[in-house]
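Summary of structural features
In case you want the letters, here they are:
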Amino acid sequence: MFAPPPSEDPQGFESPIVRGVIDDVLKAVNLANPPRVFNGARLSQLSDLQLSKLFSEVELVAVKRMLQRQIDNNEIGGSYDGKVNIAVINSSGNALSDAMTAAHEIGHAVYQQEQQAALENDALRPRLVESYKRHPKHDRYVELYGFEKGFEEWYADQLSRWATKRYINKAAKSMTDRHFKGLAAKLRQMWRAMKQGFRARKGPKSPEFEQYIEGVVASKKQSAFVNEVVRGQVKYQYGGRPASTQIAGQVEMDPAEAEFYQEALNEMGEDAGPAPS
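I will try to describe carefully the structure that is included in this document. Remember, predicted model here, so these are calculated numbers, not experimental data.

1. Some words on the sheet that holds strand β3 (residues 86-89)
Within the open sheet, the three strands sit side by side as β1-β3-β2. Their pairing is mixed. Across the chains shown, the open sheet's two edge strands, defined by having one partner strand only, are β1 (36-39) and β2 (78-81). Taken over all neighbouring pairs, the strand axes of this sheet differ in orientation by 15° on average, direction set aside.

2. Let's talk about the packing of aromatic side chains
If you walk through the whole model with that rule in mind, you get 12 aromatic pairs. Relative to Tyr 155, the ring of Tyr 111 has its centre 5.1 Å away and its plane inclined at 75°; by these criteria the two rings are edge-to-face. Of this pair, Tyr 111 sits in helix α5 (residues 95-119) while Tyr 155 sits in helix α8 (residues 147-174), and the two are 44 residues apart along the sequence. Take Tyr 111 and Tyr 155: they sit in the same class, and that class is buried. Of the aromatic side chains, those joined through ring pairs into one cluster are Tyr 111, Tyr 132, Tyr 141, Phe 147, Phe 151, Trp 154, Tyr 155, Phe 209 and Tyr 212.

3. Description of the environment of Gly 93
Of note, Gly 93 is situated in the loop between β3 and α5. Residues Gly 93 and Met 190, 97 residues apart in the sequence, show an inter-C-alpha distance of 9.8 Å.

4. Overview of α8
An α-helical turn contains 3.6 residues, so any two residues separated by three or four positions project in the same direction. Over its 28 residues, α8 runs 41 Å from end to end, which matches the ideal 40 Å to within 8%, given 1.5 Å per residue. Burial analysis of α8 places 20 of its 28 residues in the buried class, the great majority of the element.

5. Quick look at the packing of helix α7 (residues 138-145) against α8
Where α7 contacts α8, the two axes come as close as 7 Å, and the packing angle between them is 120°. One finds that α7 runs oblique with respect to α8. Every pair of crossing elements has a handedness; the one defined by α7 and α8 is right-handed. Across the interface between the two elements, His 138, Tyr 141, Val 142 and Tyr 145 from α7 touch Phe 147, Lys 149, Gly 150, Glu 153, Trp 154 and Asp 157 from α8. Across the contact of α7 with α8, the residue classes tally to five nonpolar, two polar and three charged.

6. Digging into the packing of helix α1 (residues 16-29) against α8
Their axes nearest at 9 Å, the elements α1 and α8 cross at an angle of 105°. Considering their axes alone, α1 and α8 lie roughly perpendicular with respect to each other. Here Pro 16, Ile 17, Gly 20, Val 21, Asp 24, Val 25, Ala 28 and Val 29 of α1 lie close against α8, whose contacting residues are Leu 159, Trp 162, Ala 163, Arg 166, Tyr 167 and Lys 170. Partitioning the contact of α1 with α8 into residue classes produces 10 nonpolar, one polar and three charged.

7. Overview of the environment of Ser 44
By the element assignment, Ser 44 lies in helix α2 (residues 40-44). Residues Ser 44 and Lys 64, spaced 20 residues apart in sequence, show a C-alpha to C-alpha distance of 9.0 Å.

8. Concerning the side chain of Asp 81
Its location among the elements puts Asp 81 in strand β2. Assessed through its relative accessible area of 16%, Asp 81 is described here as buried. A polar contact of 2.9 Å, which involves the side chain of Asp 81, links it to the backbone nitrogen of Lys 83. With residues up to four places along the chain from it excluded, the contact list for Asp 81 reads Ala 62, Arg 65, Met 66 and Ile 86.

Calculation criteria
- Residues numbered from 1 in each chain as written.
- Predicted model: local features only at pLDDT ≥ 70, side-chain atom pairs only at ≥ 80, totals over all residues.
- Heavy atoms only, no water.
- Pairing = 2+ DSSP bridges.
- Helix = DSSP H or I, 4+ residues; strand = E, 2+ residues; numbered from the N terminus.
- Axes fitted to C-alpha atoms, helices over the stretch in contact; angles between N-to-C directions.
- Phe/Tyr/Trp six-rings, centres within 6.5 Å; stacked < 30°, edge-to-face > 60°.
- Buried < 20%, exposed > 50% of the residue type's maximum accessible area, 1.4 Å probe, protein only.
- Expected span 1.5 Å × (residues − 1).
- Parallel < 35°, antiparallel > 145°, perpendicular 65-115°, else oblique.
- Left-handed = near helix turned anticlockwise from the far one by under 90°.
- Contact = heavy atoms within 4.5 Å.
- Nonpolar A, V, L, I, M, F, W, Y, C, P; charged D, E, K, R; others polar.
- Polar contact = N/O pair within 3.5 Å; in protein donor to acceptor, adjacent residues only side chain to side chain.

These values are about where atoms sit, not about what they do.
Okay, structure coming up:
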């Protein structure tokens, strides 16, 4: 039995970029059982008593195992345990790196929870597998993880890339030009400060994956819309007013925003392949 969520935010991510990417991607994919994402450095500072208030006994064993792996190998950026549905991020001090790592670990949760439905689709899975096979470093994925696990790692990398672009896109729509230029500059600086291997692993993007994940998001929205309409109809039958619902479509950026957006993305591994991890 899982422990109930704590009353205070236990994530421990101070950066709004990290929190923003995590919150946005979890909302977008709308998993039935969303993963809990924690800052490993924050967890390491907590006592066993404090940890016991956050996790069940089974969860705590898994969390301590992930923390120990990151202590033993500081190159591990993050870990996800699907049995307890928890991710622990090994904070690097680079907000963009941590955000992309968190999105990658969430990608494992999405893969494991969605594969029964979407990835077993006779038409869909072959297209994603072919895109995976075309990846410049496909052989390296297979060498490191095996074919199926390598496919999951590629999937998580692609989701990390998509989630980051999605966050930047939303920032472009919600900020003034001046503020977004500042964010874009910071993102470029953080990207350049990352290790080459980490940067390389996040590309190239897969159009097939982006079509797939946008389809997943759209289906989640449609499902939520149908549920809301049903609730509204039921309420209306009993004399209430039907619920107001709206599915937000994709908003195109104006040319100025698109220019800033592209500047921020140009250096984010558009043509690079993954490096050994």
